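# What the coordinates show
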2 protein chains.
Amino acid sequence: MTAEPRRRGRPSRKDAESGPGARERILEAARTEFAERGYDKTSVRGIAKAAGVDPALVHHYFGTKDEVFAAAVEVSFEPAMIVPAVLGQGPEGIGERLARHFLGVWENPVTRAPLLAVVRSAVTHETAATVLRGFVLRRVLERVATDLDVPDPKFRAELAASHMIGIALLRYVLRMEPLASADPEEIVAVVAPTLQRYLTGN
Amino acid sequence: MTAEPRRRGRPSRKDAESGPGARERILEAARTEFAERGYDKTSVRGIAKAAGVDPALVHHYFGTKDEVFAAAVEVSFEPAMIVPAVLGQGPEGIGERLARHFLGVWENPVTRAPLLAVVRSAVTHETAATVLRGFVLRRVLERVATDLDVPDPKFRAELAASHMIGIALLRYVLRMEPLASADPEEIVAVVAPTLQRYLTGN
């Protein structure tokens, strides 16, 4: 949530009138709109209204609705960007570190809400799925795979990711018991050896 | 897909005019509507129209929209009902049998489409999530857990389920490569030992 704002060129005088922080307000509004309305029902106009700016300013900073969505995904996945660092500490205990980091991100309501919104959009809307696929593949899995010393590192990294995402789905979205109420460390204890095997070989 | 039609009481003369197979046509229409429009946008009226029957007949056979959805989930999950049988053959090779059965169901477009529809609805709509949770918990996981000889059998069964569902999500919904194009047997080979450990202890 500490992303450096990156602007598309210099804002015009009209944009400047919207005051500093307009970009951040738009991004925040976009995350809320996508989370609450879903991908289909969210519009650039609605995001602009929620942010208290002109729709042209949304286009100026981000471009199309897809591009606003991509920016919202990027901010939402910042905690995931730490994954390569988490894994970069060497192969020993990599499974446990990954499981604990992942559950920590989902346990925190502040980081969970936008992730939920992205997953919901991606599951139901092809364009959102494409954005998530491109982003997660390019940014997270490829970096992780680079550091792995196993055959088919991307395949292995995706299987590890599939397990984590499946746990998030059952625990936080569908809230299936007893998984939903289990202590995170109980989950880490069972899942860590799996992730360890996937990421460091068998 | 060979469900015995179960009727809620005797159809009236008016219902009978809709001809035999009306219940099946309604159910088929419901699955298509939920799959294509999502839970929110699907209505009993729309399902009736697609099935070529009066909305009253939908109410007669199934009740409310939630109950039509539950019936559609039930039919869609019939391949999952075989899971207890798959697992009932004893602990040896249980992980491999489960992984192969699950991927087989998702590989087949006929059984995959309704599962996708259910997952999409459940991820985005709380009522649909509740139906799925009740159904999967009651029908599948509890039966599986009964047969397991491990501590916390339901917790273990859910962790196994979370991995399978996560793979389905990445492979069939988000279509992330290389997982999306991997040979099912490649996936079975890596995942089976995980499921085996979860379901038969460590």
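All of these numbers come straight from a predicted model, not from anything done at the bench.

### As for the overall build of chain A
Of regular secondary structure, chain A possesses twelve helices and zero strands. Put simply, chain A runs from its N terminus to its C terminus through helices and strands in the order α-α-α-α-α-α-α-α-α-α-α-α. Buried positions account for 52% of the 202 residues belonging to chain A. In chain A, the share of contacts with a sequence separation of at least 24, taken over all contacts with a separation of at least 6, comes to 66%.

### Quick word on the packing of helix H8 (residues 94–107) of chain B against helix H12 (residues 184–200) of chain B
All names here are of chain B. The geometry of H8 relative to H12 is characterised by a closest axis approach of 7 Å and an angle of 130° between their N-to-C directions. The orientation of H8 relative to H12 falls into the category oblique. As H8 packs across H12, the resulting crossing turns out to be right-handed. Contact residues: Ile94, Gly95, Glu96, Leu98, Ala99, Arg100, Leu103 and Glu107 in H8; Pro184, Glu185, Ile187, Val188, Ala192, Leu195, Gln196, Leu199 and Thr200 in H12. When the residues that make up the contact of H8 with H12 are grouped by side-chain class, the tally is ten nonpolar, three polar and four charged.

### Describing helix H5 (residues 65–76) of chain B
If you check H5 of chain B, its first and last C-alpha atoms are 16 Å apart, about what twelve residues at 1.5 Å a residue would give, namely 16 Å. Of the residues making up H5 of chain B, those classed as buried are Val68, Phe69, Ala71, Ala72, Val73, Val75 and Ser76 of chain B.

### Re the interface of chain A and chain B
By a widely used convention, the size of an interface equals the accessible area lost when the partners come together. The partner chain B presents 43 residues to the 43 residues of chain A that form the contact. A buried area of about 3,800 Å², summed over both sides, lies between chain A and chain B, and 68% of it is on carbon and sulfur atoms. As a salt-bridge pair, arginine 175 of chain B and glutamate 126 of chain A come within 3.4 Å of each other at their nearest N and O atoms. Counting the contacts that link chain A with chain B gives 16 residue pairs in polar contact (both at pLDDT 80 or more). When contributions to the side of chain A that touches chain B are tallied by element, the ones reaching two or more residues are helix H2 (22–41), helix H9 (109–124), helix H10 (126–147), helix H11 (153–173) and helix H12 (184–200) of chain A. At 14 residues, the largest contribution of residues to the side of chain A that touches chain B is made by H11 of chain A. Its residues placed into classes, the side of chain A that touches chain B shows 25 nonpolar, five polar and 13 charged.

### A short note on the nonpolar core
Most often, soluble globular proteins have nonpolar side chains that are buried together. By size, the foremost hydrophobic cluster in this structure holds 148 residues, and its most contacted members are Ile26, Leu159 and Ile187 of chain A together with Ile26, Leu159 and Ile187 of chain B. Each residue touching leucine 159 of chain B, except ones within four places of it in the same chain, is listed here: His163, Ile167, Leu179, Ile187, Val190 and Val191 of chain A together with Tyr198 of chain B.

### Details of the pattern of salt bridges
Overall, the coordinates contain 13 salt bridges over all chains when judged by the stated rule. One salt bridge connects arginine 100 of chain B with glutamate 96 of chain B, and the closest N-O pair in it is separated by 3.0 Å. Of this pair, arginine 100 of chain B and glutamate 96 of chain B both sit in helix H8, separated by four residues, roughly a single helical turn. Look at glutamate 96 of chain B and you get partly exposed, because its relative accessible area is 38%. One network of salt bridges, with partners in common, ties together Glu96, Arg100 and Glu185 of chain A.

### Here we look at the UniProt feature "DNA-binding region" (unreviewed entry) in chain A
In the numbering used here, UniProt assigns the "DNA-binding region" (unreviewed entry) feature to residues 43–62 of chain A. As annotated, residues 43–62 of chain A comprises 80% helix and 0% strand, and the C-alpha atoms at either end are separated by 13 Å.

### Some remarks on the confidence of the model for chain A
All names here are of chain A. With 88% of its residues at a pLDDT of 70 or more, chain A has an overall mean of 83. Here residues 1–7 is a poorly scored stretch, pLDDT under 50, and it has twelve contacts once near neighbours within four places are set aside; other chains count. A low-confidence stretch, residues 10–17 stays under pLDDT 50, and its non-local contacts, those more than four residues away or across chains, total six contacts.

### Considering the side chain of serine 121 of chain A
Residues and elements named next belong to chain A. Structurally, the position occupied by serine 121 is in helix H9. Judged by relative accessible area, serine 121 falls into the buried class, the value being 1%. Setting aside chain neighbours within four positions, we find serine 121 in contact with Phe34, Tyr39, Phe69 and Ala128.

### Describing the relation of the copies chain A and chain B
Placing chain A over chain B gives an RMSD of 0.0 Å and needs a rotation angle of 180°, together with 0.0 Å of translation along the axis. Look at the turn and shift together and you get a two-fold axis relating the two. Same-surface contact between copies: 100% of interface residues of chain A are shared with the interface of chain B.

### Focus: H11 of chain A
Residues and elements named next belong to chain A. Taking 1.5 Å of rise per residue, the 21 residues of H11 would be expected to cover 30 Å, and the 29 Å separating its terminal C-alpha atoms lies within 8% of that figure. Of all 21 residues in H11, 18 are buried; the element is thus mostly enclosed. Just past H11, the residue arginine 175 takes up positive phi, approximately 50°.

### A look at the environment of valine 173 of chain A
Within the secondary structure layout, valine 173 of chain A lies in helix H11. Residues valine 173 of chain A and valine 119 of chain A, 54 residues apart in the sequence, show an inter-C-alpha distance of 9.7 Å. When residues no more than four places from it in sequence are discounted, the contact partners of valine 173 of chain A are Leu116, Arg120 and Ala168 of chain A together with Val123 of chain B.

### Concerning unusual backbone geometry
Note the cis peptide between glutamate 177 of chain A and proline 178 of chain A, where omega equals 5°. Relative to the assigned elements, proline 178 of chain A resides in the loop between H11 and H12. Positive phi values are uncommon outside glycine, yet arginine 175 of chain B reaches one of about 50°. Mapped onto the fold, arginine 175 of chain B is located in the loop between helix H11 (153–173) and H12.

Cut-off values and rules
Residues numbered from 1 in each chain as written. Chains lettered and ligands numbered in written order. Predicted model: local features only at pLDDT ≥ 70, side-chain atom pairs only at ≥ 80, totals over all residues. Heavy atoms only, no water. Helix = DSSP H or I, 4+ residues; strand = E, 2+ residues; numbered from the N terminus. Buried < 20%, exposed > 50% of the residue type's maximum accessible area, 1.4 Å probe, protein only. Contact = heavy atoms within 4.5 Å. Axes fitted to C-alpha atoms, helices over the stretch in contact; angles between N-to-C directions. Parallel < 35°, antiparallel > 145°, perpendicular 65-115°, else oblique. Left-handed = near helix turned anticlockwise from the far one by under 90°. Nonpolar A, V, L, I, M, F, W, Y, C, P; charged D, E, K, R; others polar. Expected span 1.5 Å × (residues − 1). Buried area = accessible area lost by both parts, 1.4 Å probe. Salt bridge = Lys/Arg side-chain N within 4 Å of Asp/Glu carboxyl O. Polar contact = N/O pair within 3.5 Å; in protein donor to acceptor, adjacent residues only side chain to side chain. Core = buried A, V, L, I, M, F, W, Y, C linked by side-chain atoms within 4.5 Å. UniProt positions renumbered as here; feature names shortened; annotations may be inferred. pLDDT = per-residue confidence, 0-100. Least-squares fit on C-alpha atoms with pLDDT ≥ 70 in both.

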